[in-house]
Amino acid sequence: MNYMDELMAYQPKNEQERTDRETILAYICAFPDTILTRKNVFAHMTASSMIFNRNRDKVLMAYHNIFRSWSWTGGHADGEEDMLSVALKEAREETGIGTLSLIGSGLAAVDVLPVWGHVKRGAYVSAHQHLNFSYLFEADEKETIRAKEDENSRVGWIAVRELAEKVSEPDMLPVYEKLIRALWCAA
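Note that the structure is predicted; figures quoted are calculated from it, not measured.

Criteria and thresholds
Residues numbered from 1 in each chain as written. Predicted model: local features only at pLDDT ≥ 70, side-chain atom pairs only at ≥ 80, totals over all residues. Heavy atoms only, no water. Helix = DSSP H or I, 4+ residues; strand = E, 2+ residues; numbered from the N terminus. Expected span 1.5 Å × (residues − 1). Buried < 20%, exposed > 50% of the residue type's maximum accessible area, 1.4 Å probe, protein only. Contact = heavy atoms within 4.5 Å. Polar contact = N/O pair within 3.5 Å; in protein donor to acceptor, adjacent residues only side chain to side chain. Phe/Tyr/Trp six-rings, centres within 6.5 Å; stacked < 30°, edge-to-face > 60°. Lys NZ or Arg CZ within 6 Å of the ring centre and 35° of its normal.

S.K.: Is there a simple way to explain helix H3 (residues 83-95) in this structure?
M.R.: Residues lying three or four places apart along an α-helix face the same way, a consequence of the helix completing one turn every 3.6 residues. Under the 1.5 Å per step criterion, the end-to-end length of H3 is 18 Å for 13 residues, consistent within 8% with the ideal 18 Å. When H3 is considered as a whole, its buried residues turn out to be Met-83, Val-86, Ala-87, Leu-88, Glu-90, Ala-91, Glu-94 and Thr-95. Packing partners of the buried residues in H3 comprise helix H1 (3-9), strand S1 (43-52), strand S2 (58-64), strand S4 (73-76), strand S9 (128-138) and strand S10 (152-159). By the N-cap criterion, in which a side-chain oxygen at the helix start approaches the backbone nitrogen of a residue two or three places on, H3 is capped by Asp-82, the distance to Leu-84 being 3.1 Å. Residue Gly-96 follows H3 closely and has a positive phi angle near 80 degrees.

The following block contains the structure:
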């Protein structure tokens, strides 16, 4: 499904999602030719995922080199219109996990996420917004995992109850907590 159809069909779960959904739609309308690419320096489409084990008590996270924090997997659309495909591709690339099963029927959350200016591959990237679609997946925690060294230095299964201790980006904790709540609604 393309991102616009998926966004239009999505039922926001709270005021934050209603507002962020409208903001995402406004960006799409303002920048229809560049919103799926990093050429848009103001905002661009991204897709992320929380990957849970079968018992739903651990989440597969990557230690992100730029943000210096344990983080979900995800990345830029880079021209792709199917955000679920983007989330799957990024999850596999960043963790080495091969088999992922979608939990629920698709899109689990929408968020406008601020990204502070940073250096990536030797070049400065200005502050901008990620117009993010989130998905929930299940994976076997016995499957082999590996870090994607140009983006993260470690990957590992972290107990859900320990996320607040492991994640050093306090602004991301409410996003992760919202997805954990969505997990229980989708199950």
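There is more to say after this.
S.K.: In this structure, what is going on with the packing of aromatic side chains? I would like to understand it.
M.R.: To describe a pair of aromatic rings, you give the distance between the ring centres and the angle between the ring planes. Applying the stated criterion across every chain yields a total of 4 aromatic pairs. Ring centres of Tyr-27 and Phe-31 lie 6.3 Å apart, and the angle between their planes is 25 degrees; this geometry places the pair in the stacked category. Aromatic pair Phe-31 and Phe-42: ring centres 5.7 Å apart, planes at 25 degrees, arrangement stacked. Taken together, the residues Phe-31 in the loop between helix H2 (15-30) and S1 and Phe-42 in the loop between H2 and S1 connect sequence positions 11 residues apart. Under the relative-accessibility criterion, Phe-31 is labelled partly exposed at 24%. Across the ring face of Tyr-63, the terminal group of Arg-154 is positioned such that the distance to the ring centre comes to 4.5 Å.

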